[in-house]
Structure formats: C-alpha cells, structure tokens
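Listed below are the residues making up each chain.
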There are 2 protein chains.
Amino acid sequence: MKQQQIILQERPNGMPDERTFQFKEVEVGEPKENEVLLKTLYISVDPYMRGRMSDGPSYVEPFQVGEPLNGGVVAQVVDSASDQLNKGDIVRGNLAFQEYHIVEASSLSKVDTNGLNPSTALGILGMPGLTAYFGMMHIGKPQEGETVVVSGAAGAVGQVAGQLAKKAGARVIGIVGSKEKAAYITDTLGYDAAVEYKEGNLSSQLKAACPNGIDVYYENVGGEISDAVWPLLNTFARVPVCGAISSYNLKEGEEDIGLRVQSFLIKSRVLMQGFIVGDFSKHFKEAYKFLAQGVSSGELKFEETIKEGFQAIPDAFLGLFSGENIGKQLVKVADGE
Amino acid sequence: MKQQQIILQERPNGMPDERTFQFKEVEVGEPKENEVLLKTLYISVDPYMRGRMSDGPSYVEPFQVGEPLNGGVVAQVVDSASDQLNKGDIVRGNLAFQEYHIVEASSLSKVDTNGLNPSTALGILGMPGLTAYFGMMHIGKPQEGETVVVSGAAGAVGQVAGQLAKKAGARVIGIVGSKEKAAYITDTLGYDAAVEYKEGNLSSQLKAACPNGIDVYYENVGGEISDAVWPLLNTFARVPVCGAISSYNLKEGEEDIGLRVQSFLIKSRVLMQGFIVGDFSKHFKEAYKFLAQGVSSGELKFEETIKEGFQAIPDAFLGLFSGENIGKQLVKVADGE
C-alpha cells in the first residue's frame, strides 16, 4: 500500500514557500512484533516548526532536507502486533508527517478522548494547552486583581493562557489581529478587553486598556507588539516568553531589531523567562488533570481551525504566520473508525 | 557656620552638563534633641542617580529641581544630642549632598570600620557590594565549571560580582573599556579573561573567550555590548539585570534600540531578571557578613577611585559615563578625626 508523506525539500530563507515542501509517495509496510500500524487522523502545525526548518542550534533538532517533517500527530491503531495497543485505540505521538506509521507501541501515548474529539489531544489537552498552563501558572503566576496581557491571544496557546489568568482572578487583556478574534476572546473566552494591533497606535490602545499597568505579559509574538508592552510593566511584573512568531521568518543575516528591554526590567524589577513545555515534564500530570477538568466542566473554552486533507499541510502551516487561525490550527487527514 | 551643598539646577536632557548642577552656600545649624551633627567624609556617586535627575516614574523618587542631590554618604559625628551616637562615630546614610548634616540619630547606621577605610561602607561593604552579591548569588547562581560574563567588570559592582563567581568555581570573563581595566580584573581580581569592547569585533572576541557559551551574564551596561552576549547564552542561562548604563543618557524621545532578546530567551530558556538591592533587604545581614569576611581575609579585592573635594562631585559623577573609574567612584569631602 502507498501513502503520502511531506518532505522538507529546501531550507527556507525567510518565509517558507512552495519550494520548502514536497509531497512524496512511499510504501506503508507491515508492523513487526511490538509494532502497530497507525492511520493519521490529525496533524498539528505549530509556529516552532519554523525554527526546525533552519539549520541553527535550537532546543529541537532541525528537520533534515529530504526527510519528512515531523511533529504532533493523533492517529488510530489499524493493525497491532503489540499487546500494549489494540485496533481502534487512539494515540498521540511525535511522528513523521505521513498518512500511516509503523512504530513501536511503547513510543506512543494512548489518548483517552473522554467523549471529546481526538483533535483536542493536539490542542487544549496537548502541547499548546500545557504550554499555556506552565507559562502562565509556573512563571506568570497571576494574582487576584492583577492585570494580565496575552499576545497572540486567540491562538492555540493564547486562548488557554488568558482563561487561566481569568480563573486566577486577574483582569485579562488580549492582543489580537482582527475584529473576529477580538470578539472571540471577549465574547467566548471571557477576556476583559481586546486590543487590535492592526488598528495602529498600539501604545495608546494598550495604555487605555491597562490603566493600572501590566503585571503579567504572556509573550507569544515579539516584535513591535511587545515593544509597546515594556513601558507599561509594573513593579515585579513577570514575562513568560513562550514565542516570538513575528521574528521566525527573518531572512539569513536579518536581525530582530527593536526596543531593548533592560531599562524596563530594572526600573520595574521584572522577571522575564523563556521556556518550552518540556522544561516542565515532571508536572505534566498535574497540568493535564487541571486542563481536562476545565474542559469537561465547560469552564475552559477552546477553538480549533481545521484544514481538510493531507495536502493542506503547507497552507495550514503558512497560515499561522498570517494569523489565519482562531485557536489551534490542525490538519485533518482522515476520519477515525 | 556655612557649608556647601549641590543642587539639581535643571533636569538634563541627555548627558548632564554644567547646567545640571549648582553649588549653594547654606547654614549648617545646631542639633536638637535626638539629633546629631555630621561632617561628610565620603560621597558616593552612582550611575542610578542619572535616572533620578529625570522626572519619570522609577524605583526611586526623582531629585527635585532646586533641591540638593542625595545618596550614599559616609560621615562622622562631630556633635551629638542623642544617646545613640557619640562624637567620633562613623555612620552611613542616605543623605543630602552637602558638607554637614543635622539628622535624627535613628535614621543612620553606625559603621564598624574594622580597621578599613570608612569609604568601603559605600563600596564593597555597601550598596555596590550588596548589589553584586544579590545579583550574582540570588539570581545568577553560578555553578562550578560554568562560564560567567560580567559587563562593566572593573566597576564598583562588576569588580565584586566577578570575584563572587570565581569563588563559586565558575570561569569568569569580564567586559571592560580599557587595557588598564583588563589588567586590573585579570591580574588583581583573578578573572580568567578580559574582553575590551573598544577594540571592536566584540562578538568574535566574546566567542573566543567563551568557547563553551555563557551560563550567567551579569548585566551592568546594556546596549551593543549586551547585543553581542545574547547569541552566546547557553540553555538555562541566567541574566541578572543590574544596570544599563549605556542607555541612561538618551535624550527625551530617543529610544534604546537594538537586538530584541525574546528569541534568544526561548531558544535557550533563559531567565532574565531586573533587580535593585532593596529587593533583598531581608538578606542584607547574610550578605554583609559574607562580604566582610572576604575583605578581611583578603580574598575579595577591590579598588576605589577617589576624587578630592566637595566641588569634584559633578566631575566624579560624569566620569562614570565615560568609564573613568576603576572600582568604586567616590568623592572625598573631608578627613575623619
């Protein structure tokens, strides 16, 4: 049996384009002992993948040219030569981006969907949800009555981060790129206010939305948006630095130039901390439990933007950088059985 | 009896100059009950005073135009109407910059000079020493074998910060602005290497001096020097942000533009924290004890650059920004008795 996979054809310089990706037809194969055959249901496209397309040192190894992309995948067991997993089981893994997989059962986590769509295992109950949780709760530590600002507030991580701060009793302002997203975070997620950066005059907008300054800034985007945040930071503010999507597509030799933060950090004695979800792996259980309870009680809302079909991967990925998605961006590859 | 005091004549826009300061002759007066009459011996000039000359919100209140400057002063009791202090006692306080003072004895700390020059109470055994201690030991937390970089390495804070990191078993590199300072930090203080930023090509120099990357960056200067540090930060690096002297004399409306840090913080999961010494006031005792032991055993070295005479205050202060001083910059106003 043949299947599609998606290859890194060429490292992008700046924004990825059609030369970056290549689809390839490869053999599926048969599971050997302890292995399972999986059918891909959902593929997660995430901004951090852009870093892996370049060849520099980072916290995850770069993709290899000529090799398939890989990342978060939810799949279903269609054939099992392992006693650990049965046909029909839903699993999550870090897997190559292709339609089928033959892998050791022990490398997979079984997903208990609990009546939810299995896609949630790549979103609010997956890496983005955990990322929001650790950044906000372990670094941001919002207190009752504080002002929390989240950039990329309607994105996969932002949508969760803001709600966690609300739950902690903070006043929460989201920075977003469209009226639709503004409506989503205020009406659905319960953010106290939205600031639309594309409307211009971000500094004044932010100042008006944060009359008492900013105690926690959950950083997803970097760039000029964050430059407007620094002057508003209060004494002992915390800045969990989760992402800086505005800088991910700089060309070789281009630098991310803007406001230096040091004076603001001193003046207000700010703690700024870069992190990735894996840094908190010993707390995953606590976080999953917290998020799952919030989702099943209906207290934590979330949105997913789902593109259909394996061929949609490049589009879905590139859409992250133009802000197409509301909530978690996914590609649906096949229906479960 | 008349004395000199120094007034903020005009708020500077950019670098302070002769219009910033004014000397004024005022009456000394007589101590009332519980008060003492003090004679100023040493005045501390510090970079953070520049922020107080402007009118913005900060962690210390601005100086008032027409009012005397104030800051760290070491003085001697020449007349006492208090049973807390006796004639001849040496005290330290945050006092107006003038030749004599009449103040409540309870607002002063008596200095036990232990055979040292009382000037040390404004340097290694005062605010700069404590600042070095807390930034390095409570935020930087250098570990055996790690690489620590200190900017402003021959300054009042830097000279102590680097030695503390050496004591902790780290390899320590100092960034300095002259050959003389380079010699001081390597030959006298025991830094492993010095990088002279005025020689140019700071990125390559730093890279060569830090072949294993940088685990702690003790930030005193900001600007282009720090821009060269960010790409070298190792995973889980710590950056205590103590000062950013390169940006203190920006003119109104000028911004501190350079490399944004976010991508580096994420890639290496860096903790960056702005602080001032007062944030650690409950640990002052521990820190004084540590520093005093180091000084009396001879293990901690230090230098002072002392200008003579009350009239030297503007010069001494401005010299901080051209890097004139090695170690702590002080003004000696009078001899003790």
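Residues numbered from 1 in each chain as written. Chains lettered and ligands numbered in written order. Predicted model: local features only at pLDDT ≥ 70, side-chain atom pairs only at ≥ 80, totals over all residues. Heavy atoms only, no water.

Chain A goes by NADP-dependent oxidoreductase in an unreviewed UniProt entry, where it is assigned to Virgibacillus tibetensis.

Student: Quick rundown of the relation of the copies chain A and chain B? Include the residues and the values.
Tutor: Of the transformation superimposing chain A on chain B, the axial component is 0.0 Å and the angular component is 180°, with the fit at an RMSD of 0.0 Å. Here the two chains are linked by the operation of a two-fold rotation axis. A share of 100% of interface residues in chain A that are also interface residues in chain B marks the association as one of identical surfaces. (Least-squares fit on C-alpha atoms with pLDDT ≥ 70 in both. Contact = heavy atoms within 4.5 Å.)

Student: Any details on the domain arrangement of chain A? Residues and values, ideally.
Tutor: Residue and element names in this part refer to chain A. Taken domain by domain, chain A comprises domain 1 (2-123 + 302-332) and domain 2 (127-280 + 288-293). Each of domain 1 and domain 2 has a C-alpha centre, and the two are 28 Å apart. Across the boundary between the two partners, domain 1 contributes 22 residues, which contact 19 residues of domain 2. Between domain 1 and domain 2, a total of about 1700 Å² is buried, with carbon and sulfur atoms accounting for 57% of that surface. Between the two partners, domain 1 and domain 2, sit 0 salt bridges. At the boundary of domain 1 with domain 2, the tally comes to 8 residue pairs in polar contact (both at pLDDT 80 or more). Among the elements that take part in the side of domain 1 that touches domain 2, helix 9 (residues 313-322) stands out by supplying 3 residues, more than any other. Of the residues in the side of domain 1 that touches domain 2, the class split is 10 nonpolar, 7 polar and 5 charged. (Domains from an automatic or database assignment. Buried area = accessible area lost by both parts, 1.4 Å probe. Salt bridge = Lys/Arg side-chain N within 4 Å of Asp/Glu carboxyl O. Polar contact = N/O pair within 3.5 Å; in protein donor to acceptor, adjacent residues only side chain to side chain. Helix = DSSP H or I, 4+ residues; strand = E, 2+ residues; numbered from the N terminus. Nonpolar A, V, L, I, M, F, W, Y, C, P; charged D, E, K, R; others polar.)

Student: Give a detailed account of the UniProt feature "domain: Enoyl reductase (ER)" (unreviewed entry) in chain A, specifying residues and quantitative values.
Tutor: UniProt tags residues 14-331 of chain A as "domain: Enoyl reductase (ER)" (unreviewed entry). Helix and strand shares over residues 14-331 of chain A are 26% and 27% respectively, and the end C-alpha atoms of the span are 23 Å apart. (UniProt positions renumbered as here; feature names shortened; annotations may be inferred.)

Student: Mind laying out the interface of chain A and chain B, listing which residues take part and the relevant values?
Tutor: Listed as interface residues are 38 residues of chain A and, on the opposing side, 38 residues of chain B. For the pair chain A and chain B, the two sides together bury roughly 3100 Å², of which 55% comes from carbon and sulfur. In terms of surface lost to chain B, no three residues of chain A exceed Arg 260, Gln 262 and Ile 266 of chain A, which account for 26% of the buried area on that side. Taken together, the connections running from chain A to chain B amount to 6 salt bridges.

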